[in-house]
Amino acid sequence: MARALESLAALAVIGFARLVTGVRGNWRDCAPEARPRVYFANHNSHGDFVLIWTVLPPALRRVTRPVAGADYWTVRPLRRFFGDRVFRAVLIDRNPDTRKEDPIALMASALDAGSSLILFPEGTRNMSDEPLLPFKSGLYHLANARPQVELVPVWIENLNRVMPKGEFVPIPLLCTVTFGAPLSVRDGEDKDAFLGRARTALLGLAPEREGSR
Amino acid sequence: MTATEQTLALFGGIAVILVVASAIGFVLQRRYAAAGPNAVIENLNSRIKSWWVMVIAIGIAFAFGKAGVIALFGFASFTALREFVTLLSTRRSDHLALVIAFFVILPAQYYFIWVEWYGLYSIFIPVYAFLLLPIIAAARGDTKAFMPRVAEVQWALMICVFCVSHVPALLTLHIPGYEGRQLLLIAFLVLVVQSSDVLQYVWGKLLGRRKIAPLLSPSKTVEGFVGGVLSATAIGAALWWITPFSPWQAAAMALVINLMGFFGGLVMSAIKRDRGVKDWGQLIEGHGGMLDRLDSVIFAAPVFFHATRYWWAV
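What you are looking at is a predicted structure, and each value in this text was computed from that prediction instead of being measured.

1. Considerations on the nonpolar core
Note on soluble globular proteins: their nonpolar side chains tend to be buried together.
1) Next: Grouped together as the largest cluster of nonpolar side chains are 130 residues, with contacts concentrated most on Ile52(A), Val164(B) and Leu189(B).
2) Next: Among the elements that line this core, the one with the most residues is helix α8 (residues 182-207) of chain B, at 12 residues.
3) Next: Setting aside residues up to four positions removed in sequence, Ile52(A) forms contacts with Tyr39(A), Ala41(A), Ile118(A), Val154(A) and Val177(A).

2. Description of the interface of chain A and chain B
1) Next: Each partner contributes residues to the interface: chain A has 13 residues there, and chain B has 13 residues.
2) Next: When grouped by side-chain class, the residues that make up the side of chain A that touches chain B number 6 nonpolar, 3 polar and 4 charged.

3. Regarding the domain arrangement of chain B
Residues and elements named next belong to chain B.
1) Next: Each assigned domain of chain B is listed with its residue range as follows: domain 1 (1-63) and domain 2 (80-311).
2) Next: Centre-to-centre, using C-alpha coordinates, domain 1 lies 23 Å away from domain 2.
3) Next: Taken together, the contacts link 10 residues of domain 1 with 11 residues of domain 2.
4) Next: Where the side of domain 1 that touches domain 2 is concerned, the elements lending two or more residues are α1 (3-32) and α2 (39-63).

4. A short note on the environment of Gly227(B)
Residues and elements named next belong to chain B.
1) Next: Position of Gly 227 relative to the elements: it lies in helix α9 (residues 222-238).
2) Next: Residues Gly 227 and Ala 76 lie 151 residues apart in sequence; the distance between their C-alpha atoms is 29 Å.
3) Next: Residue contacts for Gly 227: discarding those within four places in its chain leaves Leu 199, Trp 203 and Leu 207.

5. Quick notes on the sheet that holds strand β3 (residues 64-69) of chain A
Residue and element names in this part refer to chain A.
1) Next: Taken in spatial order, the 7 strands line up as β1-β7-β6-β2-β5-β3-β4 in an open sheet, and their pairing is mixed. If you trace the sheet from one side to the other, it starts and ends with β1 (24-27) and β4 (90-92), each paired once. Taken pair by pair, the neighbouring strands of this sheet meet at an average axis angle of 25°, ignoring direction.
2) Next: Pairing of strand β6 (residues 150-157) with strand β7 (residues 176-179) involves 4 bridges; the strand directions are antiparallel. Note on β7: the bridge partner recorded for Glu 157 is Thr 176.
3) Next: Against the sheet, helix α6 (residues 103-112) contacts β3, β4 and β5 (116-119), and its axis sits at roughly 175° relative to β4.

Thresholds applied
Residues numbered from 1 in each chain as written. Chains lettered and ligands numbered in written order. Predicted model: local features only at pLDDT ≥ 70, side-chain atom pairs only at ≥ 80, totals over all residues. Core = buried A, V, L, I, M, F, W, Y, C linked by C-beta atoms within 7 Å. Buried ≥ 20, exposed ≤ 12 C-beta atoms within 10 Å, placed from the backbone. Helix = DSSP H or I, 4+ residues; strand = E, 2+ residues; numbered from the N terminus. Contact = placed C-beta atoms within 7 Å. Nonpolar A, V, L, I, M, F, W, Y, C, P; charged D, E, K, R; others polar. Domains from an automatic or database assignment. Pairing = 2+ DSSP bridges. Axes fitted to C-alpha atoms, helices over the stretch in contact; angles between N-to-C directions.

This is the structure in structure tokens:
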């Protein structure tokens, strides 16, 4: 019964995402494969991971978990249901002072259990006019903790126009989710070099069209 | 024949044509499979597939009568508007105007057609939306590129909602001696427009030499245009028995539909070129978007509606 409710809620979320955004996955430089991966994406909206989740084939979707802030996903019962049971998010306490568990260890153990992760390395939603904020170091530490896991850059286009900051009703617009070539940390590569390379790889997937913002 | 018998005969005929077309496509694909992928044959087969989808969707809508047709074209408008607005250079401050366009103006337009309120649905978007949306945009206080933004939103509504809604609006016409058959007017319009698209493509592939609009649409040729429009006009004349028109009148109407459809296709190509895209969207994998399927219907529908209303309806 609970399982059925969770599946139904997942289908409703996916159906709604498709109705509003007609979202299409563009597997440009990698194929959808069943292996532990970290999909790292640009972050403009609470709906970002839903779009990635929607374009994944169902078999991959079942084992792919978003990494999200515990402060947002645990405050209300409905959000808790979606965060815990539907999306099965790996919840991270974003405040280092109150944190009880190491976020990297939490993500690594989810990967060890066979899951893939959706990660937003900017750390927070990008409300600026820049296409992409500087990356936090989590991606680098996770890549070093589990060097065999592929890091796949994923560019989400247009969702920021569907529901800009401060608006409550989404407008329907076509969105695309583009998957780039997987990366991993090179021998001896330091943190800044790796994060710079990952950021460039992600920006390289953004379409160059005027009026995209 | 009764209206139902005519409808069944028409759909039966279309189904036979599509079965033959699918069989030809299948044989061509098998024969040339050894020579590697063939773009022309793949294009043909994907067109045939999208006609099947279109015919089945329209068939289901017809089975539900007026409600089905309004729901189908309302959905088409929604999808088309979603594609069109995606390419606009609107800003954050246009959000409310776009919310109103999608969730108030679009449903209202189809509601006015449902209640057959001709006096309102024929001016609602060109007058009231035209006045309301710039007021909302101005109230937000963002003056950057104000004129282009307001004009683009108005264009989106005119193309995707106003023009498309004139297809189901054909059901509201009262034509003496043609009661209960208005669905067939929709079938006439869609069949003539689609056959014109196809025949222009076929004549262009067979005889096409001189490009007719090289800057807009490099694949369109003078030979394709003339051959396609004339043969689709002949098809329109041959379909006179499903319309309130005589054969010559049906030919004249089909000619008007085909010319509007052709020029509508050029206008929509110009917009796509300007925005640097090949297709409006990807509704079905590889088949383009809703607007790629509807572009010629969009320009033909209001003109066909008003010509029919002026000369035949009471």
